[in-house]
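If you want the building blocks of each chain, they are given just below.
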Amino acid sequence: MQTGGDPRNVLSALLIEAMRKITQLMEGFYHNTEDGLFEIAYASENVDQRQKIVELMRELRFQRNHLMKSFDDRLFKGFEDWLGGSDENEYPEEHQQATHIAQRCASHFSFVLQSIAERIAHAAGRTADRNVMPVSPEQISYHFIMSCRNIQFGPSEVQIVQDLFHRFVLDRLGGVYGSINQKLIEAGHLTSEDREGFSVSTA
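Residues numbered from 1 in each chain as written. Predicted model: local features only at pLDDT ≥ 70, side-chain atom pairs only at ≥ 80, totals over all residues. Heavy atoms only, no water.

Peer 1: Tell me about helix α2 (residues 47-83), and name the residues and values.
Peer 2: Along α2, the sharpest kink reaches roughly 60 degrees, centred on R64. Positive phi appears at G85, one or two residues downstream of α2, with a value of about 90 degrees. (Bend = angle between axes of the 7 residues up to and from the residue. Helix = DSSP H or I, 4+ residues; strand = E, 2+ residues; numbered from the N terminus.)

Peer 1: Describe the packing of helix α4 (residues 110-124) against helix α7 (residues 174-186), naming the residues involved and giving the relevant values.
Peer 2: For any two helices packed against each other, one specifies the inter-axial angle together with the distance between the axes. Where α4 contacts α7, the two axes come as close as 10 Å, and the packing angle between them is 35 degrees. Considering only the axes of α4 and α7, their crossing is left-handed. Of α7, the residues touching α4 (which contributes V112, L113, S115, I116, R119 and I120) are Y177, I180, N181, L184 and I185. Of the residues in the contact of α4 with α7, the class split is eight nonpolar, two polar and one charged. (Axes fitted to C-alpha atoms, helices over the stretch in contact; angles between N-to-C directions. Left-handed = near helix turned anticlockwise from the far one by under 90°. Contact = heavy atoms within 4.5 Å. Nonpolar A, V, L, I, M, F, W, Y, C, P; charged D, E, K, R; others polar.)

Peer 1: Help me get a handle on the side chain of S141, residues and values and all.
Peer 2: Tracing the chain through its elements places S141 in helix α5 (residues 137-147). S141 gets classed as buried once you look at its relative accessible area, which sits at 0%. Not counting the four nearest positions on each side in its chain, S141 is found in contact with A98, I101, A102, F165 and L170. (Buried < 20%, exposed > 50% of the residue type's maximum accessible area, 1.4 Å probe, protein only.)

Peer 1: I'd like a rundown of the nonpolar core, residues and numbers included.
Peer 2: Counting 54 residues, the largest nonpolar core has F29 and Y177 as the members making the most contacts within it. Counting only elements with at least two residues in this core, the list comes to α1 (7-43), α2, α3 (92-108), α4, α5, α6 (155-168) and α7. The element contributing the most residues to this core is α1, with twelve residues. (Core = buried A, V, L, I, M, F, W, Y, C linked by side-chain atoms within 4.5 Å.)

Peer 1: Please give an account of the pattern of salt bridges that cites residues and values.
Peer 2: Should the charged atoms of two oppositely charged side chains come close, the side chains can pair. Taken as a whole and judged by the stated rule, the model has seven salt bridges. The salt bridge involving K69 is made with D73; its shortest N-O contact spans 2.8 Å. Within this pair, K69 and its partner D73 are both found in helix α2, separated by four residues, close to a single helical turn. Given the relative accessible area of 52%, K69 is considered exposed. (Salt bridge = Lys/Arg side-chain N within 4 Å of Asp/Glu carboxyl O.)

Peer 1: Any chance you could break down the packing of α2 against α6 for me, citing the residues and the numbers?
Peer 2: Running from amino to carboxyl end, α2 crosses α6 at an angle of 55 degrees, the nearest separation of the two axes being 11 Å. Judged by the angle between their axes, α2 and α6 are oblique. As α2 runs across α6, the sense of the crossing is right-handed. Residues Q49, K52, I53 and L56 of α2 lie in contact with α6, whose contacting residues are S156, E157, I160 and V161. Residue classes in the contact of α2 with α6 are distributed as four nonpolar, two polar and two charged. (Parallel < 35°, antiparallel > 145°, perpendicular 65-115°, else oblique.)

Peer 1: Explain the environment of S136 residue by residue, including any values.
Peer 2: Within the secondary structure, S136 is located in the loop between α4 and α5. Leaving out residues up to four positions away in the same chain, S136 has contacts with R130, N131 and Y177. Within polar-contact distance, the side chain of S136 engages the backbone oxygen of N131 at 2.9 Å. Here the side chain of S136 touches Q139 through a polar contact of 3.1 Å, landing on its backbone nitrogen. (Polar contact = N/O pair within 3.5 Å; in protein donor to acceptor, adjacent residues only side chain to side chain.)

From the geometry alone we can't say anything about function, so treat these as descriptive.
Structure representation (structure tokens):
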């Protein structure tokens, strides 16, 4: 990665690239969801539950293009708001639900997410809360929830869709986060631990 120019421009380009990769994961999610739902319906012995899953499959297929566009629009709008310094929780209940959905992923990638947050803070010249970064598991989950608001899920269908979202999106974010962190390192953006080590080595 080039290190010249305004650090915020470099950071913006890096995050936009990462969000495009997240969009690709979402495309994979919708591509694979129908097969995943079919497997679950086929394995279910409850006729009513099986029928609900089939109906959900049809609804997601019918709504796919709208859902993808809504997710993309929200993801990039959230990025613009974040760049402008806004961390406002427009829908607190949905943000709370997103935090719950993202909990396992956020815990699994805790170290690299903290590293990215500190490096972004160094690049942007401001405090960066890892939970509100535009590429955080919480924000990705929030935009997914908001994009699906017009679909009526029953409790069991909610759990099924969340499990598939984990499987095809959240659990596959490791490569995205690893790439962001490495490119921030190459651009010279440091964590507090990096700076302490640098101070010791030059003392």
